[in-house]
Amino acid sequence: MSFGPTASTVTTPQNAWTRILGALEMKVNRQSFHTWLKPTRFSHANGRTLYVRIPSQQFQHIGDRYADLIQEAIDNLTLEVDDVRFVTVEDDPTTPKTREDGGFAPLPSHSPNAPQNSSSLAPGRGGAPQAPSAEQARFDWNTAAQLNQRYLFENFVIGSGNQFAHAAAQAVAERPSKAYNPLFLYGGVGMGKTHLMHAIGHEVKRRNPHASIMYVSGEKFTNEMINSVRYDKMTGFRDRYRTVDVLLIDDIQFISGKERTQEEFFHTFNALHESMKQIVITSDRPPKELAELDDRLRSRFEWGLIVDIQPPDLETKVAILQKKAESERVTLPTDVAMFVASNVRTNVRELEGALIRLIAWSSLHGVEITLATAQQCLKQFIDTQTRKITIEAIQKATAEQFGMKISELKQKNNSRQIVVPRQIAMYLAKQMTEASLPEIGRQFGGKHHTTVMHSIAKIDEQRRTDKALSSTINKLMETLA
Ligand SMILES: Nc1ncnc2c1ncn2[C@@H]1O[C@H](COP(=O)(O)OP(=O)(O)OP(=O)(O)O)[C@@H](O)[C@H]1O
């Protein structure tokens, strides 16, 4: 089908998107283009609707954000395109999803459990989403290994809370079914369980390209089983699950309380274990706390190794942010990373959310990522989830750290033992509270705002080169966060 007006400018759907991207590149600032638009790929066309693959749900907003520019490009290039829709790898019917189809999804996806939807340049014009075709239904039916390309061991930051889980995952990936079988990873929301699980799949595949890996959530396993029972397809279901080399089953807690699913999983587990195939399981709780789990399954989960993942400490959070920023090809200054890490205290997914927001914000406004932009952009985000850090709390923590009285921080004493802690406390007050410079000055015994500014600049400069100072500041931030 031609997407262009005349034979001399025949445009295939694929190069229609390439041409639109080319036009956008001229209009959008470089960082935004590289962050948001370049990673997109043409997927398929349906009539005059282009479907464009995006790496993750976080890219959905580009449909809105660049709607006018995309429309302008379509008009200028006189393309016969009515609508552009953005789909993630999970929603894209062209994604190879079965082992037979080639296994892995070609583009990264943020969350394998992300809600399924697509965003459209012209939501009204494209019509309601179409019912899945027989072909698509077949794909859904055959869902097998779908590994997020970003969830690799090398992208996983090791910290005290996850190092054991990481080591166990690596051992399993290096010696499937010989190290720990099953490997049972558990921990809170967004702690990296799925990431480690996918990393095992990638690593096994890297070492043995013929290995068949299947990743499935407890929910999907349940749904597939229900459908198999309903349509009398249990033989196919069993064949599919019992012939893999590595079964990665995420969020197993979903099957607790579901008798028939547990029964089926019990037999799947036995069949795989007996044939020396590796099973990796994740859960939000350890087996003994899965109240409605069949005892037979619980005891099998305990055959191998059960490891928990604890929330990351401040340093790990900073390292995660820097790694994520690096993969987005964005420079994240250390003070900004510290600010985000010490203020976003929930889970790593939230941390990533804050970073993506920051990157989007800076590219949208065409400004650099600095502490000031981070404070402005993440204000609402942070306010809703953190308790307020006060200057008094900062003074108390700093005084304790340096073994001095709080009142000394406010005195007119310019000895080095007092000046340095005071400057650090002022610096923290600027970073961790919303107090203005005059307000900070007032709370430190009536210092002029230019003195405060000078102190902050000095610490900011020194902590880049002085490791001991930097570690003291990190420690204080951690105490306060
Ligand atoms: N140590 C880490 N290093 C790098 N990225 C991490 C780390 N821990 C978590 N993440 C990232 O945080 C996000 C959430 O992680 P993941 O989906 O693996 O969490 P989860 O424990 O499976 O959560 P849930 O129980 O909600 O499914 C992912 O993007 C993952 O890459």
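Source: prediction; values computed, not measured.

## Some details on the packing of aromatic side chains
In this structure the tally under the stated criterion is ten aromatic pairs. Taking 5.5 Å as the distance between ring centres and 85 degrees as the angle between the ring planes, the aromatic pair formed by Phe-221 and Phe-265 counts as edge-to-face. With a gap of 44 residues between them, Phe-221 in helix α8 (residues 218–230) and Phe-265 in helix α10 (residues 259–274) connect regions that are remote in the sequence. One exposure class covers both Phe-221 and Phe-265, and it is buried. With 6.1 Å between their ring centres and 55 degrees between their planes, Phe-269 and Phe-301 make a pair best called tilted. Of this pair, Phe-269 sits in helix α10 while Phe-301 sits in helix α11 (residues 295–301), and the two are 32 residues apart along the sequence. Members of the aromatic cluster, each reached through a chain of ring pairs, are Phe-184, Phe-221, Phe-237, Tyr-241, Phe-265, Phe-269, Phe-301 and Trp-303.

## Some words on the sheet that holds strand β9 (residues 305–309)
Ordered in space as β6-β7-β8-β5-β9, the five strands form an open sheet in which the pairing is parallel. Because the sheet does not close on itself, it has two edges, and the strands there are β6 (213–217) and β9. The average undirected angle you get between the axes of adjacent strands in this sheet is 15 degrees. Here β6 runs beside strand β7 (residues 246–250); their pairing, made up of five bridges, is parallel. Note that in β7 the partner of Val-216 across the bridge is Ile-249.

## Remarks on the site of the ligand
Taken together, 19 residues are adjacent to the ligand, and Gly-190, Lys-193, Thr-194, His-195 and Glu-352 come closest. Separating an oxygen atom of the ligand from a backbone N or O atom of Gly-192 is a distance of 3.0 Å. For the ligand, whose free accessible area comes to 630 Å², the fraction covered by protein is 95%. Those elements that provide at least two residues to the shell around the ligand are α7 (193–207), α12 (314–327) and α14 (348–365). In terms of residue class, the shell around the ligand is built from seven nonpolar, eight polar and four charged.

## So, the side chain of Gln-431
Position of Gln-431 relative to the elements: it lies in helix α19 (residues 416–432). Relative accessible area serves as the criterion here: at 1%, Gln-431 is assigned to the buried category. Sequence-distant contacts of Gln-431, defined by excluding residues within four places in its chain, comprise Asp-335, Phe-339, Leu-371, Gln-375, Arg-463 and Met-477.

## Things to note about the packing of α8 against α10
Each packed pair of helices is defined by two parameters, the angle between the axes and the distance between the axes. Where α8 contacts α10, the two axes come as close as 10 Å, and the packing angle between them is 100 degrees. Regarding the angle of α8 to α10, the classification is roughly perpendicular. Of the residues in α10, those touching α8 at Phe-221, Thr-222, Met-225 and Val-229 are Arg-260, Thr-261, Glu-264, Phe-265 and Thr-268. Among the residues forming the contact of α8 with α10, the class breakdown is four nonpolar, three polar and two charged.

## What to know about the pairing of β7
In terms of residue burial, β7 counts as a mostly covered element, since five of its five residues are buried. Residue alternation in β7 divides its side chains into two sets, Val-246, Leu-248 and Asp-250 and Leu-247 and Ile-249, and both sets are buried. The sheet contact formed by β7 and strand β8 (residues 278–283) spans four bridges and is parallel. Bridging across to β8, Leu-247 finds its partner in Ile-279. Each parallel crossover has a hand, and the one from β7 via α10 to β8 is right-handed.

## Some points on the pattern of salt bridges
In total, this model carries 18 salt bridges according to the counting rule given. With a shortest N-O distance of 2.8 Å, Arg-207 and Glu-203 are connected by a salt bridge. Taken together, the residues span about one helical turn, with Arg-207 and Glu-203 both in helix α7 at a distance of four residues. We classify Glu-203 as buried; its relative accessible area is 13%.

## Some details on the packing of α12 against helix α13 (residues 334–343)
It is the contact of α12 with α13, at a shortest axis distance of 9 Å, that shows an interaxial angle of 120 degrees. Put simply, α12 runs oblique to α13. Between α12 and α13 lies a crossing whose hand is right-handed. Taking contact as the criterion, the partners of Leu-314, Lys-317, Val-318, Leu-321 and Gln-322 in α12 are, on α13, Thr-334, Ala-337, Met-338, Val-340, Ala-341 and Ser-342. Among the residues forming the contact of α12 with α13, the class breakdown is seven nonpolar, three polar and one charged.

## Some thoughts on unusual backbone geometry
In the segment running from Asn-181 into Pro-182, the intervening peptide bond is cis, with an omega of 0 degrees. For Pro-182, the position within the fold is in the loop between α6 (163–174) and β5 (183–187). Located in the positive-phi region is Asp-251, a residue other than glycine, with phi close to 55 degrees. Relative to the assigned elements, Asp-251 resides in the loop between β7 and α10. We classify Asp-251 as partly exposed; its relative accessible area is 23%. The phi dihedral of Arg-329 is positive, around 55 degrees, even though this residue is not glycine. For Arg-329, a relative accessible area of 59% puts it in the exposed group.

## A word on the UniProt feature "binding site: ATP" (unreviewed entry) in the protein
The residues that UniProt annotates with the feature "binding site: ATP" (unreviewed entry) are Gly-190, Gly-192, Lys-193 and Thr-194. Look at Gly-190 and you get buried, because its relative accessible area is 11%. Filtering out sequence-adjacent residues up to four positions away, Gly-190 remains in contact with Asn-347, Val-348 and Arg-349. Inspection of the secondary structure puts Thr-194 in helix α7.

## Examining α12
Given 3.6 residues to a turn, an α-helix orients residues that are three or four positions apart in the same direction. Between its terminal C-alpha atoms α12 stretches 20 Å, which fits the 20 Å expected from 14 residues at 1.5 Å a residue. Every buried residue belonging to α12 is among Leu-314, Thr-316, Lys-317, Val-318, Ile-320, Leu-321 and Ala-325, and all of these are buried. A positive backbone phi angle near 55 degrees is found at Arg-329, which sits one or two residues after α12.

Rules behind the numbers
- Residues numbered from 1 in each chain as written.
- Predicted model: local features only at pLDDT ≥ 70, side-chain atom pairs only at ≥ 80, totals over all residues.
- Heavy atoms only, no water.
- Phe/Tyr/Trp six-rings, centres within 6.5 Å; stacked < 30°, edge-to-face > 60°.
- Helix = DSSP H or I, 4+ residues; strand = E, 2+ residues; numbered from the N terminus.
- Buried < 20%, exposed > 50% of the residue type's maximum accessible area, 1.4 Å probe, protein only.
- Pairing = 2+ DSSP bridges.
- Axes fitted to C-alpha atoms, helices over the stretch in contact; angles between N-to-C directions.
- Near = heavy atom within 4 Å.
- Polar contact = N/O pair within 3.5 Å; in protein donor to acceptor, adjacent residues only side chain to side chain.
- Areas by Shrake-Rupley, 256 points an atom, 1.4 Å probe, with all protein chains shown as cover.
- Nonpolar A, V, L, I, M, F, W, Y, C, P; charged D, E, K, R; others polar.
- Contact = heavy atoms within 4.5 Å.
- Parallel < 35°, antiparallel > 145°, perpendicular 65-115°, else oblique.
- Right-handed = clockwise from strand over helix to strand, strands pointing away.
- Salt bridge = Lys/Arg side-chain N within 4 Å of Asp/Glu carboxyl O.
- Left-handed = near helix turned anticlockwise from the far one by under 90°.
- UniProt positions renumbered as here; feature names shortened; annotations may be inferred.
- Expected span 1.5 Å × (residues − 1).

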